[in-house]
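Listed below, chain by chain, are the residues.
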Amino acid sequence: MLFDKFKKIGLIVLVAIFTSQVFAATTDLSVRFLDKANEAFEEDNIEDAYKYVNQALAVAKDESSKANVLYFAQTVYTQKLTKIQNDYDEMALIDIQMNLEKYPNIENTKIKKLIKQIEQDQANKEKAAEKADKEEQRRVEKERFEAQQESMDAQAAAMKAQADAIKEQAEASKQSQQELKEALNTNFKEIGQAFSESANETKRSTRVIALSIVGIAFLVLMLVLLIIVIIRKASKVQQIQQEQYVQAFKMLAANQSQTNQLMLGGITDLYGANSPMRIAGASTWAPAMALPDIEISDADEDALKQLAVKCEEIGTQIDAVTGRKNNSKNVSELVYKLSMQLGLPQGMSMLNFCAAMIYDAGFLDIDPDLLTATNLTDEERAALKSHVNLSEKHLDFVPKKYWSVFEDAAMKHHENIDGSGYPNGLKGDEIPQIARLIHVAETYVSLSSKRAFREAMDKETAVQKLREQPELYDQEVVDALDKIV
C-alpha cells in the first residue's frame, strides 16, 4: 500500500513537471513570434509583422503574454488597415475581419474607425464608378439621338423638296390648261366670225352657203372631238399629279413615323435586357453595343451578294456529292437565324450565312464512294475526316478580309467543347464562334432529317439530344436554337 501511494505521488509530480515544461515552451514560442513580429514592424515590413503577431496570438496561453501580444497586435493591425486604406485589397480586409472575430480583444476604437472608413471609401468609389457609367450612357444616348435627328431632318428636307417639285408641276399643268382654254375661246370667236362671213356669202350663192355649212359643221365636229380629247388627257394628267402629290406626303409622314420609331427603339435597346453579342472565342455572348457591325459600303454590299451567289453554287455541288439534299441551304439558313438570335450584327450574320453554305467544301476532293459508304475502315474514316484540311483551294474566291471566317468554318466545325474533336482538339472558347454555330446547326439538321438508317426526329427530341451532350456542343447556342425552331 505504501508503495502504491509513493507511485501515485511520483506520477503526479511527473505530470506537473511535464505540464510546466510544455507551458514554458508554449510561452517561449509566443515570445519568439512576438519578437519576430516586432523586428518585422521595425523594418516597416507590415505583412510579416501581421503574420507573426497572429502566430503569437495563436500560441499565447497565459494572461501576461496574451496582453503583450494583444497590445502589439493592435498597433500592427492599425498599420495594416492604414496600408489597405491607401492601396485597397479586399482579400486582406476580409482576413483582418475574420481575425478580429477570432480575437475580439484586438479591436479598439481606432481599428473600428479605420475599417468603417475603408468600407465607406469603397462604397464611395463604387458610387462614383456607377455615376461615371451613367454619364457615359447618357452621352452615348445623346450622340445617338442627335445623329438620328440629323438623319430625320435630312429625310424631311428631301421629301419636302420632292413635294415642292410635284406642286410646281401641278401648277404648271394648271397654267397649261388655262392657256388651252384661252386658245379654244379664241378659236370659237374665229369660228363665229367665219359663220358671220359665211352668212353674208349665202346671200350671194345658195350653193356656197350649203358647202360652207357642211364645212363649218365638219370643222366644229373636229374641234369638239379635239377639245374632248385634250380635256380628258389634261384631266388624267392632273389626276395622276394629284395622286403623286398625295403619295409624296404620305411617304413623308411614313418616313417621319418610322424615323421616330427607330429613334425611340434605339434608346429603348440601350437599356433593354436583350442587348445582344459576343466576339469570336469569348466565353459569354456580350451586348451588341460592345462591338460595331462590319462596315459595308455599297460596293461591299454588291460584293457580298456576289459572294452569296458563288457560295450557293458551291453548296449545291457539295450537296450533290454527299447526297444530302438541301443540306448546305438548311444549315446556312439556321446559322443565320442563330446568329441573329444571339444578337450578332447583321453584317457578321450575313458572313456566317455565306461561310456556313460551303463549310464542307473539302468533300469535293474526297472519293465519292467514301461519302456514300456505310461500313468504313479506320483508314477510310481518317481519309473522310481529312476533308477539313482540303477546303482551302475552294475558298480562293473569298475576299481576304473575310477569309478567316470561312477558314474557321471549314476547318474547325468538328471541334468539340471538351477537346475531343478534330483536327486540332480545341476546347471551349478556343473554338471560333462560327465553328460552334455550324456544329450545332449541322447536327440539328441531320437529326431532324430522314436518313436511310433511321427516321427523322421531331424538333423537341433533336434539341434535347443536343442538350444531353454539353461536352460536344455550346449550350448557349443550343438555348438559342430552342427559341427559334
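Scroll up to find the structure this text is about.
Now for a description of the structure that goes with this document.

About the criteria used
In this convention, every chain numbers its residues from 1, walking through the sequence in written order. This being a predicted model, a pLDDT of at least 70 is required before a residue's local features are given, and a value of 80 or more before pairs of side-chain atoms are given or counted; all residues contribute to the totals for chains, interfaces and linings. Working from all heavy atoms in the structure, the side-chain values ignore hydrogens and water. Helix and strand definitions follow DSSP, with helices as H or I runs of at least four residues and strands as E runs of at least two, each counted in order from the N terminus. For every residue, the accessible area (1.4 Å probe, protein chains only) is compared with the maximum for its type, and the residue is labelled buried under 20%, exposed over 50%, or partly exposed between those bounds. By definition in these notes, contact holds between two residues if any of their heavy atoms fall within 4.5 Å. Methods summary: accessible areas were calculated by the Shrake-Rupley approach with a probe of 1.4 Å, and residue burial reflects only the protein chains presented. As used in this record, nonpolar core signifies buried Ala, Val, Leu, Ile, Met, Phe, Trp, Tyr and Cys residues forming a set joined through side-chain atoms within 4.5 Å. Note on patches: the residues involved have over 30% relative accessible area and no salt bridge, like charges join within 9 Å, and the nonpolar side chains Val, Leu, Ile, Met, Phe, Trp and Tyr join within 5 Å. For this analysis, a salt bridge means a side-chain nitrogen from Lys or Arg found within 4 Å of a carboxyl oxygen belonging to Asp or Glu. Charge convention: Lys and Arg are scored as positive, Asp and Glu as negative, and His as well as the terminal groups of each chain are ignored. The atoms used to mark charge sites are NZ of Lys, CZ of Arg, CG of Asp and CD of Glu. Between the N-to-C directions of two axes lies an angle of 0 to 180 degrees, each axis being a line fitted to C-alpha atoms and, for a helix, fitted only over the stretch in contact. Working rule for angles: under 35 degrees goes down as roughly parallel, over 145 as roughly antiparallel, 65 to 115 as roughly perpendicular, anything else as oblique. A crossing counts as left-handed when the near helix is turned anticlockwise from the far one by less than a right angle, and as right-handed when that turn is clockwise. Residues are grouped as follows: nonpolar covers Ala, Val, Leu, Ile, Met, Phe, Trp, Tyr, Cys and Pro; charged covers Asp, Glu, Lys and Arg; every other residue, Gly included, is treated as polar.

Each helix and strand in the chain was counted, giving 15 helices and 0 strands. The buried share of the chain, reckoned over its 485 residues, is 32%. Put simply, 64% of the contacts in the chain that link residues at least 6 apart link residues at least 24 apart. Approximately 30,600 Å² of the chain is accessible, and the part contributed by carbon and sulfur atoms is 55%.

Turning next to the nonpolar core. Grouped together as the largest cluster of nonpolar side chains are 45 residues, with contacts concentrated most on Val 335, Leu 338, Ile 358, Phe 406 and Leu 481. Looking at this core, the elements that each hand over two or more residues are helix H7 (298–322), helix H8 (327–341), helix H9 (346–357), helix H12 (403–412), helix H13 (433–447), helix H14 (459–467) and helix H15 (475–484). Tallying contributions element by element places H13 first for this core, with 8 residues. Leave out the neighbours within four places in its chain, and Leu 481 touches Leu 334, Leu 338, Val 440, Tyr 444, Val 463 and Leu 466. Ranked by size, the runner-up nonpolar core spans 30 residues in total, among them Phe 33, Ala 56, Ala 73 and Leu 100.

Taken together, the side chains of Asp 35, Glu 39, Glu 42 and Glu 43 make up a negatively charged region of the molecular surface. Of note, Glu 39 is situated in helix H1 (residues 2–42). A relative accessible area of 49% places Glu 39 in the partly exposed class.

Among the structural elements, Asn 352 can be located in helix H9. Owing to a relative accessible area of 1%, Asn 352 belongs among the buried residues under this scheme. Sequence-distant contacts of Asn 352, that is, excluding residues within four places in its chain, are made with Val 335, Ser 339, Leu 344, Val 405, Ile 434 and Leu 437.

Direction vectors running N to C along H13 and H14 enclose 140°, while the axes themselves pass 9 Å from each other. Comparing their axes, H14 and H13 come out oblique. Helix-helix and strand crossings are classified by hand; for H13 and H14 the assignment is right-handed. Contact with H13, carried on its side by Val 440, Thr 443, Tyr 444 and Leu 447, involves Lys 459, Ala 462, Val 463, Lys 465 and Leu 466 of H14 and no other residues of that element. Of the residues belonging to the contact of H13 with H14, the class tally is 6 nonpolar, 1 polar and 2 charged.

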